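# Residue-level structural notes
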Amino acid sequence: MSKPSLTVIISTIKENLNSFITNFSFKNLKNADEVIIVIQGLKEKSVIPELSSYKVIYDKNYGLSSSRNIGFKNSSCDFIWFLDDDVVLIDNSIDKLKNHIEINHTFDLHTVRMQYLDGRPYKNYSNKKKLGRINSLRVSSVELVASRSFINSNNIRFNKNLGLGSKFPSSEENFFYLDIFDNGGVVTHFPEYLLKHEYIDRKAMHFKNKFILNAKGMFCRRYGGITGLLILLYYFLKCFYISRSTLLPFSLIQGYRYTEKYIEI
């Protein structure tokens, strides 16, 4: 059996293009088998010398989920790693990931670790090798490496109504994880820090924005059952504690109740 190949898909927009070209760690992409860069917001193609070594796709529309789906459609390798334009690839991250996939190629979804620029972990990560359905709660899209054949054969894509650039700018990675898991996909965790990201106050961002809360409510509905309701209650109480608002937590309920009005589940 030949070694599994890896496509890296990077999503960016015209407003971030100069910063992306200047700051992204392109040198650490050298051992990827395929690199696809999707640039959104450009109505006309333009020659960008700094990106000439990669497959560049132009999309006049916006939407992170749509961008990832466009990249996937144009990919050709066995596994796909979905990245954003503001992450920092740690040295040898591609080699480490490819070695991990070669040993664990039977898994359908691989999750990796990310840290802040100062070295602190981005979140509390599981120490389990094989992950379950509940782990869909705590994933970031840039931590996901998916089997191209599995997501293609099961017609799984990022939901274009969720994620940055859409009305509900959150939870697309959680839906994606669940779609893989619920279609029989097996998920593993690679306990290696492969990425860095600047500090983000995720609590303030995630629990003070009505539309992000709508998306979280939709995820709870997608998760389903008693567990989905318990997650909703947890989010409700957390939102109230963080925002100190008596009204904002009900955005979660709105998302939960009217999921089918906004997105297909």
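Everything here concerns the structure above.
For the structure given in this document, a descriptive report is provided here. (Residues numbered from 1 in each chain as written. Predicted model: local features only at pLDDT ≥ 70, side-chain atom pairs only at ≥ 80, totals over all residues. Heavy atoms only, no water.)

## Quick look at the side chain of Lys216
Note that Lys216 resides in helix α7 (residues 210-223). Notably, Lys216 is buried but unbridged: the nearest opposite-charge side chain belongs to Glu173, and the N-O separation is 8.1 Å. Not counting the four nearest positions on each side in its chain, Lys216 is found in contact with Ser171, His206, Phe207, Tyr235 and Leu252. (Helix = DSSP H or I, 4+ residues; strand = E, 2+ residues; numbered from the N terminus. Buried < 20%, exposed > 50% of the residue type's maximum accessible area, 1.4 Å probe, protein only. Lys, Arg positive; Asp, Glu negative; His and termini not counted. Salt bridge = Lys/Arg side-chain N within 4 Å of Asp/Glu carboxyl O. Contact = heavy atoms within 4.5 Å.)

## Regarding the packing of helix α5 (residues 172-182) against α7
Across the interface, α5 lies against α7 with an axial gap of 10 Å and an inter-helix angle of 10°. Judged by the inter-axis angle, α5 sits roughly parallel to α7. Residue-level contacts link Asn174, Phe175, Leu178, Asp179 and Asp182 of α5 to Met218, Phe219, Arg222 and Tyr223 of α7. Split into classes, the residues belonging to the contact of α5 with α7 amount to 5 nonpolar, 1 polar and 3 charged. (Axes fitted to C-alpha atoms, helices over the stretch in contact; angles between N-to-C directions. Parallel < 35°, antiparallel > 145°, perpendicular 65-115°, else oblique. Nonpolar A, V, L, I, M, F, W, Y, C, P; charged D, E, K, R; others polar.)

## A word on the packing of aromatic side chains
With the rule as written, the count across this model stands at 16 aromatic pairs. Here the aromatic residues Phe20, Phe24, Phe26 and Tyr54 are joined through ring pairs into a cluster of three or more. Over the aromatic face of Phe72 sits the side chain of Arg148, whose NZ or CZ is 6.0 Å from the ring centroid. The positively charged end of Lys216 is found above the aromatic ring belonging to Tyr235, 5.0 Å away from the centroid. (Phe/Tyr/Trp six-rings, centres within 6.5 Å; stacked < 30°, edge-to-face > 60°. Lys NZ or Arg CZ within 6 Å of the ring centre and 35° of its normal.)

## Let's talk about the state of the cysteines
Two cysteines joined by a covalent bond between their sulfur atoms form a disulfide. Under the counting rule described, the total for this entry stands at 0 disulfides. For the unlinked cysteine Cys239, the closest cysteine sulfur is that of Cys220, found at 12 Å. (Disulfide = S-S within 2.5 Å.)

## Here we look at helix α8 (residues 225-243)
In an α-helix, one full turn covers 3.6 residues, which means residues spaced three or four apart are oriented alike. The end-to-end C-alpha distance of α8 is 27 Å, a good match for the 27 Å that 19 residues give at a rise of 1.5 Å each. Among the residues of α8, Gly228, Ile231, Leu232, Tyr235, Cys239 and Ser243 are the ones counted as buried. Projection of α8 onto a plane perpendicular to its axis shows the buried side chains occupying an angular sector of 100°, all on one side. Of the residues in α8, the exposed ones pointing more than 90 degrees away from the buried face are Ile226, Leu230, Leu237 and Tyr241. Where α8 is buried, its residues meet α7 and α9 (250-257). (Expected span 1.5 Å × (residues − 1). Arc of directions from axis to C-beta.)

## Focus: the pairing of strand β9 (residues 187-197)
In this sheet, β9 lies alongside strand β5 (residues 88-89) in antiparallel orientation, the contact comprising 2 bridges. The residue of β9 that forms the bridge with Leu89 is Leu195. When strand β6 (residues 109-116) meets β9, the two strands line up parallel, connected through 7 bridges. Considered in β9, the bridge of His110 is made with Thr188. (Pairing = 2+ DSSP bridges.)

## Points about the side chain of His110
The residue His110 is located in strand β6 in this model. Looking at His110, its side chain comes within polar contact range of the side chain of His100, at 3.0 Å. If we ignore the near neighbours within four places in the chain, the residues touching His110 are Phe79, His100, Ile101, Asn104, Glu143, Leu144, Val145 and Thr188. (Polar contact = N/O pair within 3.5 Å; in protein donor to acceptor, adjacent residues only side chain to side chain.)

So far we have only geometry, and geometry alone does not tell us how the molecule works.
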